[in-house]
Amino acid sequence: MATREEKIKNINAGLELMSDEELDQVAGGTYNNTAADTRALHEMGFDIKSRSAGDCFWMPTNNEAQSDVAKIFSKYGISVDQSWGAVSNKYYRKGKEISRQQAFQAVADAVGKPLPELGY
């Protein structure tokens, strides 16, 4: 298994191969946040593939992960703004921003599951 440093080197090498236009086309949420959301939702028993940050960095995998996360949250009245870059994903309920923990707690309460570990 690759070390964290090796993974970062691989990601950076991939970024160097992409043109500015390709980088502009990379869609989606802060990939670390989105990956962590897939893992937490998977742990809660939802039919979603648990993804790594590396998986979520590259399109179309990132778009698929974002879509899957958004669909699950939307079933419980929560929307997710999965912004690309250094900005963390934002969660909203009834038009008001809520914390990630509050979003997961609402879903956990609705499905009768304990709150999963919410690491990024």
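These numbers come from a predicted model, not from an experiment. (Residues numbered from 1 in each chain as written. Predicted model: local features only at pLDDT ≥ 70, side-chain atom pairs only at ≥ 80, totals over all residues. Heavy atoms only, no water.)

(A) Local environment of the environment of Ala103. If you trace the backbone, Ala103 turns up in helix α6 (residues 100-111). For Ala103 and Ser79, which are 24 residues apart along the polypeptide, the C-alpha to C-alpha distance reads 9.1 Å. For Ala103, the residues in contact, after removing those within four places along its chain, are Phe73, Ile78, Tyr91 and Ile98. (Helix = DSSP H or I, 4+ residues; strand = E, 2+ residues; numbered from the N terminus. Contact = heavy atoms within 4.5 Å.)

(B) Spatial organisation of the environment of Gly112. Here Gly112 lies in the segment after α6. Its relative accessible area of 66% is what places Gly112 among the exposed residues. The sequence separation of Gly112 and Met44 amounts to 68 residues, and the corresponding C-alpha distance is 9.6 Å. (Buried < 20%, exposed > 50% of the residue type's maximum accessible area, 1.4 Å probe, protein only.)

(C) Looking closely at the packing of aromatic side chains. By the definition in use, this model includes 3 aromatic pairs. Ring centres of Phe73 and Tyr91 lie 5.7 Å apart, and the angle between their planes is 65 degrees; on these two criteria the pair is classed as edge-to-face. On the criterion of sequence distance, the pair formed by Phe73 in helix α5 (residues 61-74) and Tyr91 in strand β2 (residues 90-93) is long-range, its members being 18 residues apart. Look at Phe73 and Phe104: their rings are 5.1 Å apart centre to centre, the planes differ by 80 degrees, and that puts the pair in the edge-to-face class. On the criterion of sequence distance, the pair formed by Phe73 in helix α5 and Phe104 in helix α6 is long-range, its members being 31 residues apart. (Phe/Tyr/Trp six-rings, centres within 6.5 Å; stacked < 30°, edge-to-face > 60°.)

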